[in-house]
Amino acid sequence: MRNDMSSEQCTPKVRVVILLVIFLIAAAAFAGRLLSLQIAESEEYLEKAVPKNEKTILVQTSRGEIVDRNGEKLVINRGIQNICLNRSLLPYGKENETILTLLRFFDKKGIVLEDTMPMQKSSPYNYIEPEDSASKRKLNVFLRNTSFKAEELSGTGLYEKTYSRYKIKATLENIATEEEMRRVAGIRYMLEASDFSISIPYVLVNDADISTVSALSEKLHELPGVEISVENSRYYPNGSLAAHILGRTGPIYAEEVEKYKEMGYALDELVGKDGAEYAFEEYLHSEDGYKIVEYSADGKDILSEEMSETNPPVFGKTVTLTIDSGMQKAAEESLKNVIDGLNIKNIRNGNPERCSGAVVVTNCNTGEVYVSASYPTYDQNEYKSTVSDMLTNKNRPLLNRATYGIYPPGSTFKIATAAAALSEGIVDESTLIYDSGVYREYEDYQPHCWYFDKYGTAHGWQNVVQAITNSCNYYFFEVGRLLGTETLNSYAQKFGLGSKTGIETGEAVGILAGPEYRTSMGLPWNPGDAIQSAIGQSDNLFTPVQLASFFSTVVNGGTRYEVHLLKSINDFKTGEVLFEQKPDIIDTVSISPEHLDLLKKGMKSVVEDGTAASVFTGYKYSVGGKTGTAQKGSGSDNAIFAGFAPYDIPEIVVSVVIEAGDSSTTAATVAKSVFDYYFENTQSFSE
C-alpha cells in the first residue's frame, strides 16, 4: 500500500522534469537559431532586408578588326556621332517643317545633305533617268514604297507626284523659297528610297563634327524626331592602302533583308558589301547583348552584374590577312608612279589615253597573297563623299583590276606553251627551230615574229631557252601547231588559266582561247587562232591574280595552290588563334626538274639579256621573269610582266599588268620595286 502511494507521488515530479528538459532543449534550439540569424547568416538576411532593384543593360559590341600578317591594323572601329531622323518621334504632318529647319541649320554650318532624287534642282523640275547602280537601286525602293509607276515619272511627273504626296506646297509655300521646297522634297525622296521606318532611322549627317553636334544639341528641343546617335564606324588608318582588298560596309539593302533576317541580323546593322568586309562577314559580325545589373535602392551601389544567358554579347573576331602592308605600300607607290608618269607623257603628247593597272604578289608555295593592288584607287575614309564622282569616272577607280580586270596575257603565256611542249616531248633542250621572220605554214595566214616587224631581221635558230629569252613568236607558232590546241589547253587549265583561283573576295573567270569558247560564241576556230593562242593572243583573257597563280604553279614544280587572303581568325580580346588557314592544293601538273630548270633558265635570261634586261641591268639579286605586250585594239598595247624570286628556290611570284602601258618595261619596273622590298625585308617572309 505504501509502494503504490509512493509511485503516484513520483509521477508529477517526473513530468515536471521532462517538461523542463523539453523547455531547455527548445530554448537552446531557439537561442542557437537566433545566434545563427544574428551572426552566421546576418549578411544574407541583411542583404534581403535592404531594398534593391534590377536593370537590364545593353552591352554594345564592336565589329571585328582587320589586320595584316604582321598584326598591323588595316581596319579598326572609331566612335562617331550621326545626326538622324527617328520615325517614331517625328510628328506626323510636321515632317516638312522639321526638315526645313534642319536644312537652314546645316546651311549655316556649310553642310550639304545628300540628294539623289532624279529630278532637276530648279524649274521646270524635269525627271532625270538615274545612271549609276546605287541611284537606280534607290529609285526601285522608292517606287516599291510609293506604288508609283516608273512611266509616270517622266517630264514633271515625279515633281507633281512627290509634291502632292508630301504636301510640299501646302505646308511650306508661305515659309520657304522654291529652292528650299525642292530640297525638302529631295530629303523626303531619300527617306522613302532608304526604307525609312520606325526600325530604320535615316542618317542625315554621318560622322558630324563636334561643333555641329554641340550647336544642334541646343536646338533638339525644337526638333522632335531629330537625334544624335553614337556608333562605331569603320576607320582605315592607312587611307587608300589596300582599298580594293579591304572593301567597305554599308546598310542592309531592301533586297538583302530576307537573307540577313534568316541570319539573325537586326535590320539597322552595317554589313560587309565587298572585299574582305564581305568575304569574312561571318567572323567580323558582332551582336550586342544584355546584362542584368542589381543596384541598391538608392542606386548608388552595384550589388552584382551578370550577363544574360539568352542574349550574351558576341564580339567580332579579328581577321588576319596574308597581306604584308609594307610590300603592299611599295607596290602601290611604284604602280602609281609609273602610271602617273605615263599619263603625264600622254597629256604632253596630246594622247587622250589614260593608263591603269594592277599588281599581285603571291607566295608560290602556299597560295598566300602578299600584295593585291589596283590603280587608280581611292581613300576608304572618304568613300561616302566621293562615291558619286567615282561611279561616273571613266578611269573606274572602284574596279579591282587585280581580280576583276581581264587582259590578254601576251608573251607571258609562252611559258605555258613551253612547259607543255617539253612535257609532251615536242621539244627538248637541243631542239632548234629556225625563225625566218614570217611563219609560212598556212597559205592564207602568215603572221610575223615581232622582232622581224621591228628590226627587219629574224631571230634565226632558237632553242627553248633562247625562244623564252627573246620571246620569239615564230618558235611558239611552230610549237603551238605541233602541240595542238587541245593538248596545250589541257596544260593551261591545270595551270589555272581561265579558272577561278579561289581568292575569297571574288574574281572574274577569264577566257581560255579554244574551239570550246568559240563554239559558245557561235564562231569558228581556225588554224591561225591555234598558233595565236600559243603566244597568248586570240581570245585569251586572264586576271592578274590568275597570272600569279599560273607562274606560281610553274616555278614551284607543278603544284597549284588555292589563292587566299585569309591567314587566321583571332579572338578580339585575347588574340587566341581560333582558325588558321592551311595551304590547299587544287591541282597538280607534271613538270620534271630538268624541264623546270630550262624554263627558269629562260626566264633568268629574260631579265639579264632579254626583253627585260633594260630594267634589270646590274641588278644585284637573282630573279627570273617573262615580259609581254598585248594588243588591245586601238591605242597603246598593254604591258605585262610576271616574275619570281629568289631564282634558286622561288618563294614569291609577281604579276603586273598596265593598261595602255605600251612597253613591257613599264610593268617590269613595278615588279622590280616589289623584288627590292622583298630582298630588303626577307626576314618578314621567313615564317
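What counts and how
- Residues numbered from 1 in each chain as written.
- Predicted model: local features only at pLDDT ≥ 70, side-chain atom pairs only at ≥ 80, totals over all residues.
- Heavy atoms only, no water.
- Phe/Tyr/Trp six-rings, centres within 6.5 Å; stacked < 30°, edge-to-face > 60°.
- Buried < 20%, exposed > 50% of the residue type's maximum accessible area, 1.4 Å probe, protein only.
- Helix = DSSP H or I, 4+ residues; strand = E, 2+ residues; numbered from the N terminus.
- Lys NZ or Arg CZ within 6 Å of the ring centre and 35° of its normal.
- Axes fitted to C-alpha atoms, helices over the stretch in contact; angles between N-to-C directions.
- Parallel < 35°, antiparallel > 145°, perpendicular 65-115°, else oblique.
- Contact = heavy atoms within 4.5 Å.
- Nonpolar A, V, L, I, M, F, W, Y, C, P; charged D, E, K, R; others polar.
- Pairing = 2+ DSSP bridges.
- Polar contact = N/O pair within 3.5 Å; in protein donor to acceptor, adjacent residues only side chain to side chain.
- Disulfide = S-S within 2.5 Å.
- Salt bridge = Lys/Arg side-chain N within 4 Å of Asp/Glu carboxyl O.
- Arc of directions from axis to C-beta.

A. Examining the packing of aromatic side chains more closely. One pass over the full model with this rule turns up 26 aromatic pairs. Their ring planes at 65° and their centres at 5.6 Å tell us that Phe105 and Phe106 sit as a pair that is edge-to-face. Under the relative-accessibility criterion, Phe106 is labelled buried at 1%. Geometrically, the ring pair formed by Tyr451 and Tyr455 is tilted, given 4.7 Å between the ring centres and 50° between the ring planes. Of this pair, Tyr451 and Tyr455 both sit in helix H17 (residues 450-455), separated by 4 residues, roughly a single helical turn. Note on Tyr455: relative accessible area 49%, which makes it partly exposed. Here the aromatic residues Phe616, Tyr619, Tyr621, Phe641, Phe675, Tyr678 and Phe679 are joined through ring pairs into a cluster of three or more. The ring of Tyr647 is capped by Lys600, whose NZ or CZ atom sits 4.9 Å from the centre of that ring. It is Lys604 that lies over the ring of Tyr647; its NZ or CZ is 5.5 Å from the centre.

B. Spatial organisation of the packing of helix H4 (residues 133-146) against helix H7 (residues 178-193). For the pair H4 and H7, the least separation of the axes is 7 Å and the interaxial angle reads 85°. When the axes of H4 and H7 are compared, the pair comes out roughly perpendicular. Between H4 and H7, the contacting residues are Lys138, Leu139, Val141, Phe142, Asn145 and Thr146 on the first element and Tyr189, Met190, Glu192 and Ala193 on the second. Class assignment for the residues of the contact of H4 with H7 results in 6 nonpolar, 2 polar and 2 charged.

C. Spotlight on unusual backbone geometry. Following Ser123, the chain continues into Pro124 via a peptide bond in cis, with omega recorded as 15°. Assignment of secondary structure puts Pro124 in the loop between helix H3 (95-109) and H4. Cis geometry marks the peptide bond from Ala645 to Pro646; its omega dihedral reads -15°. The residue Ala242 is not glycine, and still its phi comes out positive at about 60°. Topologically, Ala242 is positioned in the loop between strand E5 (226-235) and helix H9 (243-246). Overall, the relative accessible area of 3% leaves Ala242 in the buried class. Unusually for a residue other than glycine, Arg396 sits at a positive phi of about 50°.

D. Quick peek at the sheet that holds strand E19 (residues 624-630). Spatially, the 5 strands line up as an open sheet ordered E12-E11-E21-E20-E19, and their pairing is antiparallel. Looking at the sheet topology across the chains shown, the edges are occupied by strand E12 (369-375) and E19. Sheet twist, expressed as the mean angle between neighbouring strand axes with direction ignored, is 5°. Alignment of strand E11 (residues 356-363) against strand E21 (residues 652-659), held across 8 bridges, turns out to be antiparallel. Paired with Val360 across the strands is Ser655, a residue of E21. The sheet contacts of helix H13 (residues 325-348) involve E11, E12 and E21, and relative to E12 the element is tilted by about 25°.

E. Layout of the side chain of Ser568. In this fold, Ser568 is placed in strand E16 (residues 566-570). Separated by 2.9 Å, the side chains of Ser568 and Asn570 make a polar contact. Residues contacting Ser568, with those up to four places away along its chain left out, are Thr318, Val319, Thr320, Val577, Phe579 and Glu580.

F. Quick look at the state of the cysteines. Throughout the structure, instances matching the rule amount to 0 disulfides. Sulfur of Cys472: no disulfide; nearest cysteine sulfur belongs to Cys449 and is 4.2 Å away. Since its relative accessible area comes to 0%, Cys472 is described here as buried.

G. Inspection of the pattern of salt bridges at higher detail. Following the criterion strictly, the structure yields 26 salt bridges and no others. The closest approach of N and O atoms between Glu277 and Arg63, which form a salt bridge, is 3.1 Å. One end of the pair, Glu277, is in helix H11 (residues 275-279); the other, Arg63, is in the loop between strand E1 (52-59) and strand E2 (66-67), and 214 residues separate them in sequence. With a relative accessible area of 0%, Glu277 lands in the buried category. The shortest N-O distance in the salt bridge between Asp274 and Arg248 comes to 3.4 Å. Here Asp274 is found in strand E7 (residues 270-274), whereas its partner Arg248 is found in strand E6 (residues 248-251), with 26 residues between them in sequence. When its relative accessible area of 18% is taken as the criterion, Arg248 is described as buried. Sharing partners across several salt bridges, the network here consists of Arg63, Arg234, Glu277 and Glu281.

H. Main features of the environment of Ala416. Take Ala416: it is sitting in helix H16 (residues 414-423). Owing to a relative accessible area of 0%, Ala416 belongs among the buried residues under this scheme. Beyond its immediate sequence surroundings of up to four residues, Ala416 is in contact with Leu488, Phe495 and Phe550.

I. Quick peek at helix H14 (residues 383-392). Buried residues of H14: Tyr383, Val387 and Met390, and no others. Projected down its long axis, H14 shows its buried positions confined to an angular sector of 80°, all on one face. For H14, exposure combined with an orientation more than 90 degrees from the buried face picks out Ser385, Asp389 and Thr392. Among the structural elements, E6 are those in contact with the buried residues of H14.

J. Inspection of the pairing of E12 at higher detail. Most of E12 is tucked away, with 7 of its 7 residues classed as buried. Pairing geometry for E11 and E12, over 6 bridges, is antiparallel. Within E12, the position partnered with Ala358 by the bridge is Ser374. Hairpin connection of E11 to E12: 5 residues between the antiparallel strands, including Gly367 at a positive phi of 90°.

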